[in-house]
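In case you want the letters, here they are:
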Amino acid sequence: MKKRRLGNSDLLVTELGLGCMSIGMEEKTARKIIEAALEEGINYFDTADLYDFGKNEKIVGLALKGVREQVIIATKVGNRWNKDQAGWSWDPSKAYIKEEVKNSLKRLGTDYIDLYQLHGGTIEDPIDETIEAFEELKAEGFIRYYGISSIRPNVIKEYVAKSSIVSVMMQYSILDRRPEEEALPLLHEHGISVVTRGPLAKGLLSDKLLDKASEKGYFDYNYEDLRIVLPLLKEKVAATRSFTEVALQYNLANPAVASVIAGASSPEQIKSNAEAVRSQPLSDGEIAVIKELTKASKYKEHR
């Protein structure tokens, strides 16, 4: 599987990464999914301290222990579970980040994290203090690089201006093209990579189409919009290939994108996603058709 450089780092990540939140809490099943990913050549595994109260990190760490030097482990910090574990609060403080990294390292069973990401962020955060925490962890050898997970343009701009982030994780898909307006051009200009999540738009951009649609719609599309646009996309750009291929290749066509993070709840899903990433890239003509069909404003007249 092809690899791309993550920002200005020396991390070469596969074009497809595994979003580990979806692998579940049953260790044997989760291990099979991770092993399938390794067999497909995937080297990028994304987790977070928030997932399953930290158990996700433990499962990922155990499954990757034997290949630790060959893989890139990314995890996240900033959401602090309440004592009763009924919810969590946001804590981007330096003290919390520097303490929590030790817990993630212990759960992952490793002495370093390849990519440590702030799991969210607002413009009201103590951003300078947060950056200081990540820079110190980098200098101390606990992390190799750091990034943020955010779609907020004002937050992204602050980190671009003040920090040495190598990546930004954000939601991006054919049905949610918000990052194209500001974030992707800005990050590409500054040599910061984008790692995308939600490329299949909760299954809408798979061959199941409307079977996955909710009456609430998706992002800027209501159900009626989806009923119009999904069949059109299928007809115009996915008639001879899977919708999954079109969806993942659309993300990878943007020069700012280094890797697409897709979840999987079975080894079969891993194989399907890997085949999609290895498929023929979209042509300029296909991308133009997709962009024309997904101008959300076109469908507002039907509301």
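Per chain, residues are indexed from 1 in the order of the written sequence. With the structure being a predicted model, the display of local features is reserved for residues of pLDDT at least 70 and the display and counting of side-chain atom pairs for 80 or more, all residues being used for whole-chain, interface and lining totals. For the side-chain quantities, the full set of heavy atoms in the structure was used; hydrogens and water were omitted.

**Description of the sheet that holds strand β12 (residues 257-263)**
Then step 1. On the basis of which strands lie adjacent, the closed barrel formed by eight strands has the order β3-β4-β5-β8-β9-β10-β11-β12 and parallel pairing. Ignoring strand direction, the axes of neighbouring strands in this sheet form an average angle of 30°.
Then step 2. Bridge count for strand β5 (residues 72-77) against strand β8 (residues 113-118) is four bridges, and the pairing is parallel. Its bridge partner being in β8, Lys76 is matched across the sheet by Gln117. A pair of strands is labelled paired if DSSP reports no fewer than 2 bridges between them. For helices the rule is a DSSP run of H or I covering at least 4 residues; for strands it is a run of E covering at least 2, with both sets numbered from the N terminus onward. Here an angle of 0 to 180 degrees is reported between the N-to-C directions of two axes, which are lines fitted to C-alpha atoms, with helices fitted over the stretch in contact.

**Considerations on unusual backbone geometry**
Then step 1. A positive phi angle, close to 50°, is found at Ala201, a residue other than glycine.
Then step 2. Note on placement: Ala201 falls in the loop between β11 (193-197) and α7 (223-237).
Then step 3. For Phe219, which is not glycine, the phi torsion reads 50° and is therefore positive.

**Focus: the packing of helix α4 (residues 127-139) against helix α5 (residues 153-162)**
Then step 1. Remark: α4 packs on α5, axes separated minimally by 11 Å, with the N-to-C direction vectors making an angle of 55°. Relative to α5, α4 is oriented oblique. Here α4 runs over α5; the crossing is right-handed. Contacts from Ile127, Asp128, Thr130 and Ile131 of α4 reach α5 at Glu158, Tyr159 and Lys162.
Then step 2. Charged means Asp, Glu, Lys or Arg here, nonpolar means Ala, Val, Leu, Ile, Met, Phe, Trp, Tyr, Cys or Pro, and polar covers whatever is left, Gly included. Residues that form the contact of α4 with α5 fall into these classes: three nonpolar, one polar and three charged. By the definition adopted for this analysis, an angle is roughly parallel if under 35 degrees, roughly antiparallel if over 145, roughly perpendicular if from 65 to 115, and oblique otherwise. Note on convention: near helix rotated counterclockwise from far helix by under a right angle means a left-handed crossing. Clockwise means right-handed. Residue contacts are defined here by distance: any two heavy atoms, one from each residue, within 4.5 Å place the two residues in contact.

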